[in-house]
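# Coordinate analysis (summary)
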Amino acid sequence: MMLANYAKRAVYSLTIYLACSVSLYAQSIPSTKQQLRTPQSADNLISPIAQVPAPMLVADSDNEDEGAIDLLDEVTVTASRRAVKLRDNPSTVYVINAKELERKGANNVGEAIRGVPGVQSNLFGAGADVHGNYFVRGLPNSGLAILLDGRLITNLNQEHFDLADLPVFNVDRVEVLTGSGATVYGSNAIGGVINVITKKPSGPPKLTAKTEFGSYGYSNYVFAYGGKSDRLGYNIDYRQFDASNDYYYQVSRPTQLFTGIRPNGQVSSRFYDLNLSYDLDDRSEIRLDAYARDVAKGVAPFTIINPALPLVDPVTGAQQFELTRLTDKGYGVALTYNGKLGQGDDSKLQIITAFDDNKVTEASATDPTDLGTHTNISAFNFQIHHDWQFNPTNNITYGFDYIRESGTSGASAVGGIFNFDSSAGRPAVFALYTWKPESNLTFVLGARETVPDPISTNGFVRTLDSSFDPSIGARWQITPTFALRTNYQSVYRAPNFNDLFGRTTHIGNPFLDPETGTSFDIGFDWQTGNDSLLRVTYFHSDINNLVDYLLVRNSCSANGIDPASAACTGDYDNDPRTNAQRFRVGYPRVSTSGLESAFNWQVAPRWGVFGTLTITDSRIVDAPDPATVNAQLATIGQINGSNEGLYKVDVDERNALIQTQYPLVPYSTARLGVTYEEPTGLQLSLFANISGKRSVDVNHVGPFDTTQPARLPPGTLIDGYTTLDLSTRLPLGQNLVFNGYVDNLLGTYYERSYGNPAPGFNFRAGLTYVF
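These lines cover the structure that appears in this document, whether it is placed above or below. (Residues numbered from 1 in each chain as written. Predicted model: local features only at pLDDT ≥ 70, side-chain atom pairs only at ≥ 80, totals over all residues. Heavy atoms only, no water.)

### A few points about unusual backbone geometry
- Of note in this structure, Arg-137 is not a glycine but carries a positive phi near 55°.
- Owing to a relative accessible area of 4%, Arg-137 belongs among the buried residues under this scheme.
- A positive phi is found at Tyr-216, a non-glycine position, where the angle reads about 55°.
- By the secondary structure assignment, Tyr-216 is in the loop between β10 (206-214) and β11 (218-229).
- For Tyr-216, a relative accessible area of 23% puts it in the partly exposed group. (Buried < 20%, exposed > 50% of the residue type's maximum accessible area, 1.4 Å probe, protein only. Helix = DSSP H or I, 4+ residues; strand = E, 2+ residues; numbered from the N terminus.)

Structure follows, in structure tokens:
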């Protein structure tokens with residue numbers, strides 16, 4: 001471990017040295033300011049990640065300063081629920097705008113956030129699986145707030161929340177806040193925030209049609225119609241996506257090389273989106289947003305096939321590993337009011353009322369008679385926020401948030417065991433005060449008070465403690481081009497319905513305590529030249545009771561269970577493959593620390609380069625107590641009248657997790673790229689993706705069968721990898737554009753996450769036409 005720490009420090013030092021050297025070199029080359037970017041092209045460069053900067057266009061003036069762009073004037077809204085320039089913002093917010101989404105070839109939010117500093121993900125490309133994961137600063141997605149136009153939607157079936165289920169065809173930009181946003185957005189934001197901001201209807205009506213085809217049965221159709229007429233704006237959108245994902249893979253293990261065709265990877269999805277806005281007057285508007293999605297996907301948490309056995313035994317029907325069909329049906333509607341109070345622009349009010357519903361069903365992919373289990377959650381969300389700039393140096397944003405979750409979970413079959421039916425609310429108030437004693441100095445003080453309702457279901461009652469959580473941030477713009485920033489946040493996350501009562505791929509745990517802890521970061525923004533920007537941040541967090549899984553096993557043989565009492569009356573089966581389950585638990589302490597950095601440089605009018613780097617040490621300091629977990633399982637079995645009480649902690653695997661890297665979190669990831677763009681719109685971009693080693697995740701994806709030859713013991717590191725991607729944009733006429741993407745250009749075979757190998761070379765190509 002000491003060597004690993006020294007290696008990480010060496011990489012960190014080398015990164016800063018190279019970035020600074022490049023930036024100093026950029027400032028030493030002969031001035032080319034007569035070829036300056038217009039403000040229209042600055043949009044991509046000043047995005048704090050600006051993963052592919054926009055081209056510089058030739059200015060008509062010889063004035064050296066005319067047309068220069070301040071790279072620290074990017075405006076974001078996510079950190080404080082109001083428009084704030086980067087130079088006035090202590091938080092680290094990164095923006096992926098519509099043009100950047102096209103360059104990445106992103107069709108969903110999971111693909112959009114790939115390469116963002118602080119974000120480490122394997123949810124991208126062909127064969128992406130819901131059992132992959134994404135992490136922000138080393139924390140899992142359960143502590144990440146996913147917002148759709150400012151309203152929280154992550155509480156819906158958190159365990160299965162797949163960013164691939166959020167398309168971006170109607171998205172104006174995606175803002176990513178790394179570090180806690182809990183003061184403003186509540187308990188789901190202890191690790192960070194992803195705010196998906198949809199397009200606002202504007203301009204004359206137009207119809208956009210996109211069609212795209214690619215490897216392994218990939219097809220993608222998008223139709224969007226929208227515009228604005230007088231005071232009424234509207235957008236109507238539809239997306240249909242299908243893929244078979246039957247690709248060839250290779251995975252190396254110490255004993256042998258495994259090859260095969262990925263099983264059960266097909267995806268079929270439909271998305272519908274509606275946005276309506278109406279200007280009540282020139283100072284206020286109302287907006288209606290609605291969506292619906294219907295997704296069905298094959299799921300194989302562990303897809304490396306044992307060549308010595310059939311995938312599904314034709315006689316017994318036994319499967320090598322879990323092969324299920326996951327369906328996700330959801331819809332939501334939100335009504336938003338935005339208005340300016342008084343006569344000026346210094347007082348703004350926003351009111352959001354929303355309702356979302358989502359049902360996840362998991363059943364066998366090979367047995368059509370198996371209706372499986374389900375978790376169905378509905379959420380009512382009410383938010384009221386007021387932003388008041390009461391003088392030039394003082395601002396306060398405050399409000400009230402209320403979210404109420406209702407849900408059912410259990411067996412889907414008629415007459416099946418009904419496990420839980422519950423609802424609970426989480427009211428909270430917050431305030432964020434911004435003070436600028438000097439033009440180059442900003443302080444942000446915040447606090448949030450959360451008072452969860454008691455939880456009652458099946459005669460079981462839980463009362464969660466309320467929590468008061470303060471935060472503080474500061475930014476010092478030492479020079480016009482260099483700033484220091486820091487943030488500290490006390491964090492709190494109440495377990496949601498899925499954590500407590502989910503019944504699909506895991507057993508929910510109604511005994512879970514809230515997650516608590518602290519989050520801290522410090523960093524700098526350095527505009528190293530007129531065309532380059534460097535951002536570096538060190539982060540650290542300590543989280544208590546972090547909710548995740550622990551492997552538990554029922555060792556009672558099937559013929560020894562009394563159906564009436566669910567007690568084990570027969571012999572116990574010592575085969576470790578028998579009846580393993582995943583159980584929600586709270587890890588007593590998880591500590592994360594690391595570095596995130598981004599560098600962008602517009603080298604020449606048509607050439608730009610970028611690089612991002614994230615280094616993470618996410619440590620499981622302690623694992624749950626086996627005796628406590630076993631007692632919780634026994635009580636749940638009594639509440640349900642089911643056999644959960646027969647399950648026990650796999651102590652060896654629990655002990656093997658202590659002091660290891662948090663499962664699936666890479667020690668390091670990086671993305672490097674170069675882009676070329678003509679004023680005519682022709683564009684070429686080349687991306688290199690680098691991922692370091694990751695710890696296996698035996699608690700989540702298995703296999704539970706310890707004799708599976710591709711299985712690795714807990715704490716084992718799977719190899720890192722490097723891939724190369726290419727994207728191109730070619731205008732074919734005034735309204736017609738060709739887009740092409742080659743993923744994994746060199747055909748590298750690698751393991752995206754434990755047991756989930758990725759495809760080799762694959763491609764997509766499509767046309768977009770605007771009528």
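### With respect to the packing of aromatic side chains
- In the structure shown here, the tally under the stated rule is 18 aromatic pairs.
- Between the aromatic rings of Tyr-331 and Phe-355, the centroid separation amounts to 6.3 Å while the plane-to-plane angle is 45°, which identifies the pairing as tilted. A residue pair is termed long-range when its members are at least 10 positions apart, and Tyr-331 in strand β17 (residues 324-340) and Phe-355 in strand β18 (residues 347-364) qualify at 24 residues.
- Residue classification places Tyr-331 among the partly exposed positions, given a relative accessible area of 42%.
- Judged by centre distance (4.5 Å) and plane angle (65°), the rings of Tyr-769 and Phe-771 are edge-to-face.
- The partly exposed category is assigned to Tyr-769, whose relative accessible area is 32%.
- What makes Phe-771 exposed here is its relative accessible area of 58%.
- A connected cluster of aromatic rings, assembled from ring pairs, spans Phe-302, Phe-321 and Tyr-754.
- In this structure, Arg-584 packs its charged tip against the face of Tyr-549, placed 4.7 Å from the ring centre. (Phe/Tyr/Trp six-rings, centres within 6.5 Å; stacked < 30°, edge-to-face > 60°. Lys NZ or Arg CZ within 6 Å of the ring centre and 35° of its normal.)

### Points about the sheet that holds strand β29 (residues 546-554)
- An order of β30-β29-β33 is seen for the 3 strands of this open sheet, with the pairing classed as antiparallel. The sheet terminates laterally at β30 (580-587) and β33 (647-649), the two strands that pair on one side only. The sheet shows a mean angle of 45° between the axes of neighbouring strands, taken without regard to direction.
- Relative to β33, β29 runs antiparallel, the two sharing 3 bridges. Along β33, the bridge assignment pairs Asn-554 with Tyr-647. (Pairing = 2+ DSSP bridges. Axes fitted to C-alpha atoms, helices over the stretch in contact; angles between N-to-C directions.)

### Overview of the nonpolar core
- If you look at the biggest cluster of nonpolar residues, it comprises 40 residues, and the most contacted ones within it are Ile-304, Leu-550, Phe-583, Tyr-587, Val-629, Tyr-662 and Tyr-754.
- Elements supplying a minimum of two residues to this core: β13 (248-252), β29, β30, α7 (626-640) and β33.
- With sequence-adjacent residues up to four places away left out, Tyr-662 is seen in contact with Phe-135, Pro-140, Leu-546, Asp-548, Val-590, Ser-618, Ile-620 and Ser-695. (Core = buried A, V, L, I, M, F, W, Y, C linked by side-chain atoms within 4.5 Å. Contact = heavy atoms within 4.5 Å.)

### Topic: the sheet that holds strand β9 (residues 192-198)
- An order of β3-β8-β9-β6-β7 is seen for the 5 strands of this open sheet, with the pairing classed as mixed. Two strands lie at the open edges of the sheet, namely β3 (92-97) and β7 (151-152), each paired on one side alone.
- In terms of strand pairing, β3 meets strand β8 (residues 171-178) through 6 bridges, oriented antiparallel. Within β8, the residue paired with Tyr-94 across the bridge is Val-176.

### Re the pairing of strand β32 (residues 607-622)
- The element β32 is largely enclosed, with a buried count of 12 among its 16 residues.
- Here strand β31 (residues 589-604) folds back onto β32, and the loop between the two strands holds 2 residues.
- As paired strands, β32 and strand β34 (residues 668-677) are joined by 9 bridges and run antiparallel to one another. Across the sheet, residue Trp-607 finds its bridge partner in β34, namely Tyr-676.

### Some points on the pattern of salt bridges
- With the rule as written, the count across this model stands at 38 salt bridges.
- Taking the shortest distance from any N to any O, the salt bridge between Glu-677 and Arg-103 comes out at 2.6 Å. A residue pair is termed long-range when its members are at least 10 positions apart, and Glu-677 in strand β34 and Arg-103 in helix α3 (residues 98-104) qualify at 574 residues. Each member of the pair, Glu-677 as well as Arg-103, is classed as buried.
- For Glu-212, the salt bridge goes to Arg-764, with nearest N and O atoms at 3.5 Å. Separated by 552 residues along the polypeptide, Glu-212 in strand β10 and Arg-764 in strand β42 (residues 762-770) bring together distant segments of the chain. Each member of the pair, Glu-212 together with Arg-764, is buried.
- Through salt bridges with shared partners, a single ionic network connects Lys-99, Glu-100, Arg-103 and Glu-677. (Salt bridge = Lys/Arg side-chain N within 4 Å of Asp/Glu carboxyl O.)

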